[in-house]
There are 2 protein chains.
Amino acid sequence: MKILLKNGSVVNVFSEELERADVLIENGMIIGVGDYSDEQADKTVDIKGKYVCPGFIDSHIHIESTMLSPYEFSRAAVPHGTTAVIADPHEIANVCGSDGLRYMLAASDGLPVSVYIVLPSCVPATSFDEAGAVLSADDLAPFYSENRVVGLGEVMDYPGVIYGNENVYAKIKSAKEHGAVINGHAPLLTGHDLDKYISMSIRDDHECSSVDEAKERIRKGQRVMIRQGTAAKNLIDLLPLFDKPWCDRCLLVSDDKHPADLLSNGHIDESVRLAVKNGKSAVLAIKMATLNAAEHFRIPNVGAIAPGYNADLLILDDLDSVKVCDVYKNGNLVVENGELVDFSKPAIPKELENRVRGSLNFKPLSVNDFMFDCNERRKCNIIKILKGQILTEKIIDFIDFSENNGIDTQKDILKIAVVERHHKTGHIGLGFINGAGLRSGAIASSVSHDSHNLIVIGQNENDMLIACERIRDIGGGLVAVENGKIICEMPLPIAGLMSDEKADICAEQNENIRIAAHKLGCPDDVEPFMNMSFVSLPVIPHIKLTTLGLFDVDNFCLIPLFAD
Amino acid sequence: MKILLKNGSVVNVFSEELERADVLIENGMIIGVGDYSDEQADKTVDIKGKYVCPGFIDSHIHIESTMLSPYEFSRAAVPHGTTAVIADPHEIANVCGSDGLRYMLAASDGLPVSVYIVLPSCVPATSFDEAGAVLSADDLAPFYSENRVVGLGEVMDYPGVIYGNENVYAKIKSAKEHGAVINGHAPLLTGHDLDKYISMSIRDDHECSSVDEAKERIRKGQRVMIRQGTAAKNLIDLLPLFDKPWCDRCLLVSDDKHPADLLSNGHIDESVRLAVKNGKSAVLAIKMATLNAAEHFRIPNVGAIAPGYNADLLILDDLDSVKVCDVYKNGNLVVENGELVDFSKPAIPKELENRVRGSLNFKPLSVNDFMFDCNERRKCNIIKILKGQILTEKIIDFIDFSENNGIDTQKDILKIAVVERHHKTGHIGLGFINGAGLRSGAIASSVSHDSHNLIVIGQNENDMLIACERIRDIGGGLVAVENGKIICEMPLPIAGLMSDEKADICAEQNENIRIAAHKLGCPDDVEPFMNMSFVSLPVIPHIKLTTLGLFDVDNFCLIPLFAD
């Protein structure tokens, strides 16, 4: 059937004009742009006064961070005009390895948001960590033959690149041989080190936080991804990049986006809107969100309103509010007047589904697992959470183990444990944390970057035990416990990372568990689960806890609890 | 060895700036751009006051049209700063089929000019023509696995695209499946027909002769190749495309370039120079000649001065004259102070070389082959050459066969013959031509678009015969004969299209034979061999001669000689 969108203005990302033109669609493709008459179509839609714009592309997102399944993510994103994303399934791969990649490919097949995949380059993030899997260059290679795999995901191990780690090199070499785009992640790297890093054909970065940092990268041949996510918001600082000539080398990304943020503020539409609100050209911002992305990832026939391009397009009421009225994906109306047109869930092989859902594997725990075999007053290394940051600080202080085995709510010294949950190694890292503020109970989570072991903070060992066992029972998720009772929970049965629920339910559950943690005592200006989820990531300074114990990031080594 | 180009200004095609920066090169690659010191290199070259610019890329050329072998072509082109071309071996493929493609790949391997290949889409140009080969989609498909094959060459059969010719569709489908870029050729096509044509993912055009024509194509997602060749010169008419935003979607090409023109005026450097001379930005023109080309053809790490890019770069004295001082190819100095550093000829398999050189295959001819069996005065269809055009005009006039079998120098009515020369079919098309002007002798050529049969124009049949036999003897080329004697010749033994000689010899031979034809009577304002070479091309209006006889292009059918 031929559909004619008549009398609209086309956002032409090639000529950077608004063009008065009709758009003719057939078999999922745009086949004409110009003056067309009703007789040339089977159906005409009059869109006088409205704008036709290519569907938005998020050039870098971890879908797992939305806590939504790819299906529910697409249902939440497409009403915001997202018709494609470049997803790096780094989180699920750290839990499930190749199964995680297969799952994401299967679970995102045929969605109204095209999910292109970049293969996670850092599984595990470091060798000091017990992830669910190790993905070598050889493990990744077969996936390049998948149609939707377009690149190698953010190469975070920049010391490995600069100093020639052979595993990192093997992955980059293989990516180049497969003609894949190699994504970067090297915050604040500059000068000669940046040259070395980029020399490996690492052609983009999404970690820029200043215009100078971004311009150096663009001059050196990288495309800069301007990030506006839930945690990291760089767009306002990078506004000058929306001007020529920089905008031609920039893309728009979210990286990590939480469900409530996605629902209420939007997705890439939010970035475009924000740019326009700050005086930037809507046409150029849209180009950054569409054609620039498709050309960077060498995805043909995507990202523009032109003959031969996929009919992935948006009808916008105006270019100030960037309010998405209708969305066509492959020529099908998938959002009508802001309302989602329902579509079916992709079929996932049962066995694969079972493997991904059975990701919580740890030995039965007891209260003793959370106890130190010590009864004295000792000087200890303690993790201090910093408000609004994923950095931590190392403090050294005396802990009296004769009282509550060291827990001291007066001084906000709580217990923290990281339980290996992938291969039943029985490894449990145990330590003390300051800043979480719980005055009773425990909170626990199977989302814990980047290895996603089970992490728990508690005011008492029994609640910590109950929280961990509950997470096992629900197959992963976030839990808050008080006085032996589950007071709130958010199940994340897909690899312990993603929910089965709709975005609004997810957002509500996420909010409720946040409130529950605050009720247990977590200060208002600390994000309890977000902060906790980074306490186990041994690549972010300064002191972290892994399944093997305390880790000094600055010296890149394990350290003992006792500092005396 | 690390080479440091110190103190120069870098033409940065990403930021569109001139950037004060040193350039560090190692193992054929740029590994640093910025401030570097002598200690960081094994060798430092001080280029203070000069400019470092990426090597130029000709995005569309038929190397055969230079009449030079790929080796000699590269020797002539690299001093002009050309470090890569996208070559469409359409001519040799029409003579030698797949052997022609294999030959061009072998003969261009490892040259200082990287020769990327687009596979010729129109072999033969039409089914009304006897070419040396037919290349189907299946014949072309294996070549896509060759490293240097990047696309499908100009799809000239635009009626075939618009009306759904299955052979054309099969070639386009195959190209898309192989991720190849599809080149266009559709002069003056506009509106709905252009939409249909572009809908087949035909993503560029090099036939634009007006700004409006070019802008329509850019708006519809094509890149426009601004042509400045020997015959067709569009650059001045298209100057506004050197401005934003159009320049971002434009490339520079020569298409057809003769050896004398290449030597004396230059190549892509000439286009850049001409743009600058006409007030356009040198940096933007250079970007069109470098990065834009590499990105269009998805050739990674080529076309810019940045870490990880091939060290294909030019040292320019200034940006006005665009005078190329030094050329580095893969980090090796291949032109030093304007002088070529010699390099070896690629090895070509002997058997392949023999096949390509034995391309003149026709049955022994006699004078009778050029005689009409007629003795009366008859009304005839006659081809009229138009000055400065490749179009011809049909004239109808009386010819008296009783005198000189119809040849009438008074009225400038000469004989023309097209002798099938590939497969000894014995087919000879015979007719009359007006406008060539010979008052004696004959001129003949094995260069005759697009099938490259043997074409000969004569004032008498004996000289026509001698010219044809001489071309057989020398394995192809251009010949001028008078009174039974060869008065001038230019051997083109490679497929009857290309010379073994150096560019300067070729240019001289080409000039001499042109002069010889003028001495035989060809008017000053007619290019004898160039004009003749298009008389057999049945896709250019209005009347042509093929091996099967006169062809009416407007009605797309063979027509008889006699019009009474």
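Quick note: structure is the one above.
Computed from a predicted model, the values in this text were never measured in an experiment.

This part covers the pairing of strand β27 (residues 485-491) of chain B. Residue and element names in this part refer to chain B. Bridging between strand β26 (residues 477-482) and β27 involves 6 bridges; their strand directions are antiparallel. If you follow Ala 480 over to β27, its bridge partner there is Cys 488. Here β26 folds back onto β27 in antiparallel fashion, the turn holding 2 residues, of which Asn 483 has a positive phi close to 50°.

This part takes up helix α7 (residues 191-199) of chain B. Within the sequence span of α7 of chain B, burial applies to Leu 194, Asp 195, Tyr 197, Ile 198 and Ser 199 of chain B. Note on α7 of chain B: the residue one or two positions beyond its end, Ser 201 of chain B, has a positive phi of about 70°.

The next thing to look at is the relation of the copies chain B and chain A. Placing chain B over chain A gives an RMSD of 0.1 Å and needs a rotation angle of 180°, together with 0.1 Å of translation along the axis. A rotation of that kind, with that shift, is consistent with a two-fold axis. By C-alpha distance to the rotation axis, the residue of chain B lying nearest is Arg 298 of chain B, at 3.8 Å. Most of the interface of chain B is mirrored in chain A, where 100% of its interface residues are also at the interface.

A few words now on the sheet that holds strand β20 (residues 377-385) of chain A. Residue and element names in this part refer to chain A. In spatial order, the strands read β21-β20-β23-β22-β25-β24-β26-β27; together these 8 strands make up an open sheet with mixed pairing. At either margin of the open sheet sits one strand with a lone partner, and together these are β21 (392-400) and β27 (485-491). Across this sheet, the average inter-strand angle for adjacent strands is 25°, counted without regard to direction. As defined by bridge partners, strand β24 (residues 442-445) adjoins strand β25 (residues 454-458) across 4 bridges and the pair is classed as antiparallel. Looking across to β25, one finds that Ala 444 is bridged to Val 456. Each of β22 (413-419), β24, β25, β26 (477-482) and β27 is contacted by helix α14 (residues 461-473), which is oriented at about 150° to β26, the strand it contacts most.

Attention shifts here to the packing of helix α3 (residues 98-107) of chain B against helix α13 (residues 350-357) of chain B. All names here are of chain B. Where α3 meets α13, the closest approach of the two axes is 10 Å, and the angle between their N-to-C directions is 125°. In terms of orientation, α3 and α13 fall into the oblique class. For the pair α3 and α13, the crossing hand works out as left-handed. Each of Asp 99, Arg 102 and Tyr 103 in α3 lies in contact with α13, whose residues at this interface are Leu 352, Glu 353, Arg 355 and Val 356. A breakdown of the residues in the contact of α3 with α13 according to their chemical character gives 3 nonpolar, no polar and 4 charged.

Here the focus is the interface of chain B and chain A. Counting from both sides, the interface comprises 42 residues of chain B and, opposite them, 42 residues of chain A. Viewed at the interface, chain A and chain B are joined by 8 salt bridges. For Arg 219 of chain A, the salt bridge goes to Glu 17 of chain B, with nearest N and O atoms at 2.7 Å. Seen at the junction of chain B and chain A, the total is 22 residue pairs in polar contact (both at pLDDT 80 or more). Listed by contribution, the elements that provide at least two residues to the side of chain B that touches chain A are β3 (17-20), β5 (29-34), α7, α8 (211-219) and α12 (291-296) of chain B. Partitioned by chemical class, the residues of the side of chain B that touches chain A number 16 nonpolar, 10 polar and 16 charged.

The subject of this paragraph is the environment of Pro 54 of chain A. All names here are of chain A. By secondary structure assignment, the location of Pro 54 is in strand β7 (residues 51-54). Counting along the chain gives 30 residues from Pro 54 to Ala 84, while the straight-line C-alpha distance between them is 11 Å. Filtering out sequence-adjacent residues up to four positions away, Pro 54 remains in contact with Val 11, Val 13, Ile 286, Thr 290, Gly 303, Ala 304, Ile 305, Asp 312, Leu 313 and Leu 314.

Right, let's get into the sheet that holds strand β28 (residues 543-546) of chain B. All names here are of chain B. As summarised here, the arrangement of the 3 strands in space is β28-β29-β30, forming an open sheet in which the pairing is antiparallel. With one partner strand each, in any of the chains shown, β28 and β30 (557-559) form the two edges of the open sheet. Across this sheet, the average inter-strand angle for adjacent strands is 45°, counted without regard to direction. Bridge count for strand β29 (residues 549-552) against β30 is 3 bridges, and the pairing is antiparallel. Residue Leu 550 lies in a different strand from β30, and its bridge partner there is Ile 559.

A full pass over the atoms with the stated rule returns 14 aromatic pairs over all chains. Relative to Phe 343 of chain A, the ring of Tyr 71 of chain A has its centre 5.3 Å away and its plane inclined at 70°; by these criteria the two rings are edge-to-face. Taken together, the residues span a long stretch of sequence, with Tyr 71 of chain A in helix α1 (residues 70-77) and Phe 343 of chain A in the loop between β19 (339-340) and α13 (350-357) at a distance of 272 residues. Assigned by exposure class, Tyr 71 of chain A and Phe 343 of chain A land together as buried. A centroid spacing of 5.3 Å and a plane angle of 80° characterise the contact between Phe 551 of chain B and Phe 556 of chain B, whose relative ring orientation is edge-to-face.

Another aspect to go through is unusual backbone geometry. Omega for the peptide link from Val 123 of chain A to Pro 124 of chain A comes to 0°, which places this bond in the cis form. Backbone torsion omega between His 449 of chain B and Asp 450 of chain B reads -20°, so that peptide bond is classified as cis. Its location among the elements puts Asp 450 of chain B in the loop between β24 (442-445) and β25 (454-458). Positive phi, close to 50°, is recorded for Val 322 of chain A, a residue that is not glycine.

What follows is about empty space enclosed by the protein. Applying the stated criterion across every chain yields a total of 4 cavities of 30 Å³ or more. Estimates place the volume of the largest cavity at around 200 Å³. Around the largest cavity sit 14 residues that line it, and Asp 248, Arg 249 and Glu 295 of chain A together with Arg 249 and Glu 295 of chain B are the ones nearest its centre. Residue assignment for the lining of the largest cavity shows that the elements contributing at least two residues are α12 (291-296) of chain A together with α12 of chain B. Looking at the lining of the largest cavity residue by residue, the class counts come to 2 nonpolar, 2 polar and 10 charged. Each pocket or cavity is described by its volume, and for the second largest cavity that value is around 40 Å³. Taken together, Ile 385, Ala 436, Leu 438, Ile 443, Ile 457, Cys 522, Val 526, Pro 528, Asn 531 and Met 532 of chain B make up the full set of residues lining the second largest cavity. Partitioning the lining of the second largest cavity into residue classes produces 9 nonpolar, 1 polar and no charged.

Here we come to the side chain of Ser 271 of chain B. Structurally, the position occupied by Ser 271 of chain B is in helix α10 (residues 268-277). Excluding its chain neighbours within four sequence positions, the residues that come into contact with Ser 271 of chain B are Gln 228, Leu 235 and Leu 252 of chain B.

Considering all chains together, one arrives at 82 salt bridges over all chains under this definition. Between Asp 99 of chain B and Arg 102 of chain B there is a salt bridge, with its nearest N and O atoms 3.4 Å apart. A residue pair is termed a helical-turn pair when its members lie 3 or 4 positions apart in one helix, as Asp 99 of chain B and Arg 102 of chain B do in helix α3 at 3 residues. Among the salt bridges present, the one from Arg 514 of chain B reaches Glu 527 of chain B, with a minimum N-O distance of 3.3 Å. With Arg 514 of chain B in helix α15 (residues 503-519) and Glu 527 of chain B in the loop between α15 and α16 (528-533), the pair connects residues that are 13 residues apart, well separated along the chain. Residue classification places Arg 514 of chain B among the partly exposed residues on the basis of a relative accessible area of 24%. By sharing partners, the salt bridges in this structure join Glu 16, Lys 244, Asp 248 and Lys 287 of chain A together with Glu 16, Lys 244, Asp 248 and Lys 287 of chain B into a single network.

The next thing to look at is the pairing of strand β18 (residues 332-336) of chain B. Residue and element names in this part refer to chain B. Examined bridge by bridge, strand β17 (residues 324-329) and β18 share 3 bridges and lie antiparallel to one another. Counterpart to Lys 329 in the pairing with β18 is Asn 332. Connecting the antiparallel pair β17 and β18 is a turn made up of 2 residues, with Asn 330 showing a positive phi of about 50°. Pairing of β18 with strand β19 (residues 339-340), which is carried by 2 bridges, proceeds in the antiparallel orientation. Bridging from a neighbouring strand, Glu 336 pairs with Glu 339 of β19. Adjacent in sequence and paired antiparallel, β18 and β19 are bridged by 2 residues, among which Asn 337 carries a positive phi angle near 55°.

So, how was this worked out
Residues numbered from 1 in each chain as written. Chains lettered and ligands numbered in written order. Predicted model: local features only at pLDDT ≥ 70, side-chain atom pairs only at ≥ 80, totals over all residues. Heavy atoms only, no water. Pairing = 2+ DSSP bridges. Helix = DSSP H or I, 4+ residues; strand = E, 2+ residues; numbered from the N terminus. Buried < 20%, exposed > 50% of the residue type's maximum accessible area, 1.4 Å probe, protein only. Least-squares fit on C-alpha atoms with pLDDT ≥ 70 in both. Contact = heavy atoms within 4.5 Å. Axes fitted to C-alpha atoms, helices over the stretch in contact; angles between N-to-C directions. Parallel < 35°, antiparallel > 145°, perpendicular 65-115°, else oblique. Left-handed = near helix turned anticlockwise from the far one by under 90°. Nonpolar A, V, L, I, M, F, W, Y, C, P; charged D, E, K, R; others polar. Salt bridge = Lys/Arg side-chain N within 4 Å of Asp/Glu carboxyl O. Polar contact = N/O pair within 3.5 Å; in protein donor to acceptor, adjacent residues only side chain to side chain. Phe/Tyr/Trp six-rings, centres within 6.5 Å; stacked < 30°, edge-to-face > 60°. 1 Å grid on protein atoms, 1.4 Å probe; cavity = no way out; pocket = protein on both sides within 12 Å on 5 of 7 lines; lining within 4 Å. Points joined across faces, edges and corners; volume = space filled by probe spheres on them.

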